[in-house]
Amino acid sequence: MGLRTREQYLQGLRDGRFVTFKGERVADVTTHEHLGVGARHTALDFELAEAEAHRELFTWADDEGATHSRYFKRPENAQDLLNRREMIETSTREGGSVVLLVKEIGTDALFALDLVSRVVDEKAGTEYNARVAAFHRHCRDNDLTLAVAQTDVKGDRSLLPTQQEHPDYYLHIVEEREDGIVVRGAKAHTTGTPFVDEIIVLPTRAIGAEDADYAVAFAIPVNTPGVKLLASPFGAGESPSQFHSPVSSRHRLVDTLTIFDDVFVPKDRVFLQKEWQAAGFLANTFVEFHRFTAVSYKPPLCDLFIGAAALLADFNGIQKASHVRDKLMKLIAWTEIVRGLSRAAAFDCRITDFGLAVPNIIQTNLAKYHFAAQYHEAIGWVQDIAGGLVVTGPDEADLASAEIRPYIDRYLGGAGVNAEDRLKALNLVRDLTASDFGGYNQLLAIHAEGSIEAQKITIYRDYDLDRCKDLAAQIIGVERS
Ligand SMILES: Cc1cc2nc3c(=O)[nH]c(=O)nc-3n(C[C@H](O)[C@H](O)[C@H](O)COP(=O)(O)OP(=O)(O)OC[C@H]3O[C@@H](n4cnc5c(N)ncnc54)[C@H](O)[C@@H]3O)c2cc1C
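What the rule picks out here adds up to nine aromatic pairs. Across the ring face of phenylalanine 18, the terminal group of lysine 228 is positioned such that the distance to the ring centre comes to 5.5 Å.

Next up, the structure:
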């Protein structure tokens, strides 16, 4: 099987999976009033691979000439990483600034599992790498979609898994059998789970020998018995109207509390089983790839902020005001630093002994840190330029009313723009920054791909401070011990 069509993908989601939304079982995620928006959004991945304008970027031919989705291309050099980031940025732009995330995050995990399983096999004499490679081929050849459930619910954050009041605050192995393992636990915030074929599970953190049962990684189909997806209703658009919610009426992510209620995982799908020394290594290696995905998909949203603010500066007749230029310049700097650092991370990648290209860790984390740390300030600049009508404007029904519309046309026009077009631009700002969807985006900016402190820790840990200390010592003539 080669590339799947959009219809084949959507058909694959009708497989009896256990999904709930607002207290009720969902029979079909693709036709559900709210979740269906997310399914149509993620189906864009398959449309882009078929579209003539995008086919070259979104597909790749292997050595035998078989065509696959480019997401499954193992990055071996800077160009592979640049192609990958370009593909992620393009699909996010086509998705109205919302990442699709049905192949991006899963392949990040596949690359990390490839690297880590080789090291574990070497040290422990296990055979995980062959299983990872077989699963990778299965996903590639069947053009499958994947979610990654890494973040455990974690209970008391200051305690390790076995120190917790409740043994299930981290996902763990409850039974080991000849033919596989049984796992129990719940993973939080898993993005896109209702719209994918497979879930990859990874450990969240480094652990000690006493927590070995919690050192577990595997992949299973979403409709595996015992897997339960509790879909979050938050982040939906405020209305299905394109006038009111120009982005979120058509594009959205859905995250789940992903429950593993004594789930059996067959042996060939287990990629880590109690090798506790590798749990932190796997968690961090995944993050190295996933933060690169993150900073590849952030720029389209930043571009939309710049565009909406600049349009409204024109519509409000303030484009020449010095404070407006200052805010637009700061938005541009914020955006292009993220974009530039993400490209630099590809150029400055490290090639491992196994020939895998890993994005530069400092540049990737700096891009993510810079994006997240300035996100709320950036929203403030856009809202300032737009004005209060972002949250006090009239409804679409008012525009449709013959009695009310003349007042809107008369009073809400701007500089060289009619009232309706100005309101459309204001609604874009509300959708992106001041709606349920806008609030979701704020939390996503701070926490998705790891909270801000995680980036700071990584930058400090991985930065070559010795190089700078040597330089300072050399200039003052001090010998470093
Ligand atoms: C929109 C969205 C999508 C996401 N998608 C996915 C996904 O697809 N898959 C996935 O696995 N995860 C996903 N995540 C999870 C994301 O990686 C986590 O939200 C993030 O790592 C923070 O974890 P948390 O939410 O449990 O918050 P916490 O870890 O509880 O963080 C809250 C605060 O506590 C601090 N803190 C936590 N532990 C400690 C400690 N030991 N000592 C000191 N301070 C501490 C943090 O720095 C932070 O300031 C997603 C999150 C969001 C918001």
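Read on for the rest.
To continue, consider a nonpolar patch on the surface. A surface patch of nonpolar side chains, about 430 Å² in accessible area, is lined by Leu471, Ile475, Ile476 and Val478. Along the chain, isoleucine 476 turns up in helix α18 (residues 465-476). A relative accessible area of 63% means that isoleucine 476 is categorised as exposed.

Moving on to the site of the ligand. The full set close to the ligand counts 20 residues, and Val148, Gln150, Thr151, Arg157 and Thr191 are the nearest of them. Between valine 148 and the ligand, the recorded distance is 2.8 Å, taken from a backbone N or O atom to a nitrogen atom. Separating an oxygen atom of the ligand from a backbone N or O atom of glycine 450 is a distance of 3.5 Å. In the complex, 66% of the free accessible area of the ligand, which totals 960 Å², lies under the protein chains. Mapped by element, the contributors of at least two residues to the shell around the ligand are β5 (146-149), β7 (180-191) and α16 (436-447). The element contributing the most residues to the shell around the ligand is α16, with four residues. Residue composition of the shell around the ligand, grouped by class: seven nonpolar, eight polar and five charged. When residues of the shell around the ligand are assigned to domains, at least three fall in each of domain 1 (6-276) and domain 2 (283-471).

Membership of the largest hydrophobic core comes to 93 residues, with the highest contact counts inside it found for Ile200, Leu202, Phe305 and Leu331. The two domains that each donate at least three residues to this core are domain 1 (6-276) and domain 2 (283-471). Aside from chain neighbours lying at most four places away, what touches leucine 331 is Phe305, Ile306, Ala309, Ala378, Trp381 and Val382. Residues Tyr9, Leu10, Val201 and Val265 belong to the second largest nonpolar core, which totals 34 residues.

We note that the domain assignment places domain 1 (6-276) and domain 2 (283-471) within the chain. On a C-alpha basis, the centroid separation for the pair domain 1 and domain 2 is 25 Å. At the interface, 51 residues of domain 1 touch 46 residues of domain 2. For the pair domain 1 and domain 2, the summed buried area comes to about 4000 Å², and 66% of that belongs to carbon and sulfur atoms. Area buried by domain 1 at its contact with domain 2 is led by Leu81, Arg85 and Phe243, which between them contribute 19% of it. Applying the counting rule to domain 1 against domain 2 returns two salt bridges. Counting the contacts that link domain 1 with domain 2 gives 17 residue pairs in polar contact (both at pLDDT 80 or more). At the level of secondary structure, the elements contributing two or more residues to the side of domain 1 that touches domain 2 comprise α5 (78-94) and α6 (104-124). Considering every element that reaches the side of domain 1 that touches domain 2, the biggest residue donor is α6, with 11 residues. Split by residue class, the side of domain 1 that touches domain 2 holds 25 nonpolar, 12 polar and 14 charged.

A word on the pairing of strand β11 (residues 255-266). The pairing of β7 with β11 spans nine bridges and is antiparallel. Residue threonine 190 lies in a different strand from β11, and its bridge partner there is threonine 256.

Calculation rules
- Counting restarts for each chain: residues are numbered from 1 in the order of the written sequence.
- A pLDDT threshold of at least 70 governs which residues receive local features in this predicted model, and a stricter bar of 80 or more applies before side-chain atom pairs are shown or counted, although totals over entire chains, interfaces and linings include all residues.
- Side-chain measures were taken over the full set of non-hydrogen atoms in the model, leaving aside hydrogen atoms and water.
- What counts as a ring pair is set by centres within 6.5 Å for rings of Phe, Tyr and Trp (its six-membered ring), and what kind of pair is set by the plane angle: stacked under 30 degrees, edge-to-face over 60, tilted for all other angles.
- Geometrically, a charge over a ring is one whose NZ (Lys) or CZ (Arg) sits within 6 Å of the ring centre while staying within 35 degrees of the ring normal.
- Like charges within 9 Å and nonpolar side chains (Val, Leu, Ile, Met, Phe, Trp, Tyr) within 5 Å are joined into patches, using only residues over 30% in relative accessible area that form no salt bridge.
- Reported accessibility uses the Shrake-Rupley method at a 1.4 Å probe radius. Residues are deemed covered only where the shown protein chains occlude them.
- Salt bridges are defined as contacts in which a side-chain nitrogen from Lys or Arg sits within 4 Å of a carboxyl oxygen from Asp or Glu.
- A run of DSSP states H or I qualifies as a helix once it reaches four residues; a run of E qualifies as a strand once it reaches two. Both are numbered from the N-terminal end.
- The cut-offs for exposure are 20% and 50% of the maximum accessible area for each residue type, with area from a 1.4 Å probe on protein chains only; residues under the lower value are buried, those over the upper are exposed, and the others partly exposed.
- Definition of nearness: a residue and a molecule or strand are near each other if at least one heavy atom of the residue lies within 4 Å of the molecule or strand.
- Any pair of nitrogen or oxygen atoms within 3.5 Å is treated as a polar contact; in protein, a donor-acceptor pairing is required on top of that, and neighbouring residues in sequence qualify only through side-chain atoms on both sides.
- In this classification, Asp, Glu, Lys and Arg are treated as charged, Ala, Val, Leu, Ile, Met, Phe, Trp, Tyr, Cys and Pro as nonpolar, and every other residue, Gly included, as polar.
- For the domain bounds, the source is a domain assignment made automatically or taken from a database.
- Nine residue types can take part in a nonpolar core, namely buried Ala, Val, Leu, Ile, Met, Phe, Trp, Tyr and Cys, and a core is a set of them joined through side-chain atoms within 4.5 Å.
- Residues count as neighbours in contact if any of their non-hydrogen atoms are within 4.5 Å of one another.
- Summed over both partners, the accessible area lost on bringing two parts together, with a 1.4 Å probe, is the buried area.
- A pair of strands is considered paired only if DSSP assigns at least 2 bridges between the two.

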